[in-house]
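Structural features, examined
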Amino acid sequence: MTDSAAPAAAPAGKTLPDAQTVTSVRHWTDRLFSFRVTRPQSLRFRSGEFVMIGLLDERGKPLLRAYSIASPSWDEELEFYSIKVPDGPLTSRLQHIEPGDQIILRPKPVGTLVHDALLPGKRVWFLATGTGIAPFASLMRDPETYEKFDQVVMMHTCREKAELEYGRQLVESLAEDPLIGEMVAGKLLYYPTTTREPSDRMGRITDNLTSGKVFADLGIPPMDRDHDRAMVCGSLAFNIDVKAVLEGFGLREGANSEPQEYVVEKAFVGDGI
Ligand code: FAD
Ligand code: A2P
């Protein structure tokens with residue numbers, strides 16, 4: 001364990017029932033990293049849900065934040081994909097975890113980005129910016145996604161190419177995946193774009209939907225309520241703007257209790273919100 005990662009281990013004489021052990025860590029950029037931890041045997045979750053994870057603070061109290069589970073529900077470990085906020089209470093320290101360290105994980109998964117919240121349809125759109133791809137990293141690896149939909153479109157937008165790399169490598173690995181490789185073939189359409197660094201495909205998700213560019217590029221018809229479903233995960237501003245675009249195509253927002261054509265979740269709680 002490094003000096004800068006606060007231990008999740010309990011003080012002597014006390015046990016910490018929600019501690020899990022870090023099994024691997026990968027740094028993607030100076031602002032992004034992913035890691036895997038042991039999975040509590042009792043934890044059942046639906047792909048797309050989030051849990052509270054964290055470390056003990058200096059006073060020995062749990063400092064927890066919401067994190068989407070990026071691994072699919074069948075995986076024996078749990079994967080997370082994280083921002084590094086330089087002065088962030090949790091991630092300024094979480095970014096220093098190493099294999100063998102412990103983190104706290106409250107095994108109470110919740111969330112709206114689940115299949116149960118969508119009505120059946122032909123095509124599902126996963127729309128994400130930044131770390132908002134995390135719940136879709138889970139859903140893209142879930143057989144249910146391909147059983148329920150004929151086509152799956154993953155639109156992911158970041159400022160720069162390096163920030164797309166976690167998603168890109170994950171999508172590329174799916175073809176070789178023994179469990180879902182065959183299900184994914186021809187069904188998953190990946191549409192990564194950058195907005196501030198030149199790349200093969202560029203532009204905001206909202207602009208590529210409203211201009212029709214993404215439909216033309218992928219050779220699919222414009223969205224409509226009868227065929228298309230969507231899940232959205234990004235900053236509050238992104239979510240608000242995408243909702244307006246989806247409503248413009250006639251889609252209605254759903255929830256676990258009332259499935260409709262699209263669902264939304266914040267990828268983080270922004271400053272002052
Ligand atoms: P905080 O005090 O929590 O945040 C400080 C500031 O950093 C925020 O005000 C915001 O401006 C910015 N910020 C926080 N998180 C992000 C982010 N992910 N991307 C860009 N800017 C950010 N974070 C993840 O990294 N991965 C996840 O899978 C994830 N899932 C979440 C799911 C839900 C439902 C919610 C509400 C949040 C999720 N978050 C996720 C955000 C996470 O809970 C923390 O905010 C983040 O880990 C930073 O914690 P912190 O204590 O270091 O800083
Ligand atoms: P842009 O570079 O044009 O602002 P951020 O790092 O600020 O959270 O943004 C992540 C990505 O999401 C960027 O590519 C950014 O594009 C895009 N983005 C930010 N806000 C919106 C929004 N309201 N609608 C669509 N895309 C957005």
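Calculation criteria
- Residues numbered from 1 in each chain as written.
- Chains lettered and ligands numbered in written order.
- Predicted model: local features only at pLDDT ≥ 70, side-chain atom pairs only at ≥ 80, totals over all residues.
- Heavy atoms only, no water.
- Near = heavy atom within 4 Å.
- Polar contact = N/O pair within 3.5 Å; in protein donor to acceptor, adjacent residues only side chain to side chain.
- Areas by Shrake-Rupley, 256 points an atom, 1.4 Å probe, with all protein chains shown as cover.
- Helix = DSSP H or I, 4+ residues; strand = E, 2+ residues; numbered from the N terminus.
- Nonpolar A, V, L, I, M, F, W, Y, C, P; charged D, E, K, R; others polar.
- Salt bridge = Lys/Arg side-chain N within 4 Å of Asp/Glu carboxyl O.
- Buried < 20%, exposed > 50% of the residue type's maximum accessible area, 1.4 Å probe, protein only.
- Core = buried A, V, L, I, M, F, W, Y, C linked by side-chain atoms within 4.5 Å.
- Contact = heavy atoms within 4.5 Å.
- Phe/Tyr/Trp six-rings, centres within 6.5 Å; stacked < 30°, edge-to-face > 60°.
- Lys NZ or Arg CZ within 6 Å of the ring centre and 35° of its normal.

Turning to the site of ligand 1, a few remarks are in order. Neighbouring ligand 1 are 21 residues; Ala66, Tyr67, Tyr81, Thr91 and Thr131 lie closest to it. Here Tyr81 contributes a backbone N or O atom positioned 2.8 Å from a nitrogen atom of ligand 1. Within the backbone of Pro89, a nitrogen or oxygen atom sits 3.5 Å from an oxygen atom of ligand 1. Calculation on ligand 1 without its partners gives an accessible area of 870 Å², and the protein chains cover 84% of this total. At the level of secondary structure, the elements contributing two or more residues to the shell around ligand 1 comprise strand E4 (62-68) and strand E5 (77-83). Considered class by class, the residues forming the shell around ligand 1 number 12 nonpolar, six polar and three charged.

Our next topic: the site of ligand 2. Ligand 2 sits among Thr129, Thr157, Cys158, Arg159, Thr195, Arg196, Arg204, Thr206, Ala237, Phe238 and Asp241. Take Ala237: an N or O atom from its main chain is 3.4 Å from a nitrogen atom of ligand 2. Considering every element that reaches the shell around ligand 2, the biggest residue donor is helix H8 (residues 236-248), with three residues.

Turning our eyes to something else, we now look at the pattern of salt bridges. Per the stated rule, a full pass over the model turns up 16 salt bridges. Across the salt bridge formed by Glu253 and Lys243, the nearest N and O atoms sit 2.9 Å from each other. Taken as a pair, Glu253 in the loop between H8 and strand E11 (262-266) and Lys243 in helix H8 lie far apart in primary sequence, 10 residues in all. Here Glu253 falls in the partly exposed class, since its relative accessible area comes to 37%. Linked through salt bridges whose partners overlap, the residues forming this network are Arg36, Asp75, Glu77, Glu79 and Arg141.

The next thing to look at is the nonpolar core. If you look at the biggest cluster of nonpolar residues, it comprises 32 residues, and the most contacted ones within it are Phe126, Phe136, Met140, Met154 and Leu188. Counting residues per element, the ones that place at least two in this core are strand E7 (123-129), helix H2 (134-139), strand E8 (151-158), helix H4 (165-174), strand E9 (188-194) and strand E10 (228-234). Apart from the residues within four sequence positions on either side, Phe136 is in contact with Leu113, Phe126, Leu127, Ala128, Met154, Met231, Val232 and Cys233.

Next up on the list: the environment of Gly60. Its location among the elements puts Gly60 in the loop between strand E3 (50-56) and E4. Counting along the chain gives 90 residues from Gly60 to Asp150, while the straight-line C-alpha distance between them is 49 Å.

This part covers the packing of aromatic side chains. Given two aromatic rings, one states the distance between the centres and the angle between the planes to describe the pair. One pass over the structure, following the stated rule, counts eight aromatic pairs. Relative to Phe35, the ring of Phe33 lies with its centre 5.5 Å away and its plane at 25 degrees, an arrangement referred to as stacked. Side by side, Phe33 and Phe35 carry an identical accessibility label, which is buried. Between the aromatic rings of Phe126 and Phe136, the centroid separation amounts to 4.8 Å while the plane-to-plane angle is 15 degrees, which identifies the pairing as stacked. Of the two residues, Phe126 is situated in strand E7 and Phe136 in helix H2; the sequence distance between them amounts to 10 residues. Judged on exposure class, the residue Phe126 and its partner Phe136 are both buried. Among the aromatic residues, ring-to-ring pairing joins Phe33, Phe35, Tyr67 and Phe80 into one connected group. A cation over an aromatic ring shows up here: Arg26 above the ring of Trp28, its NZ or CZ 4.0 Å from the ring centre.

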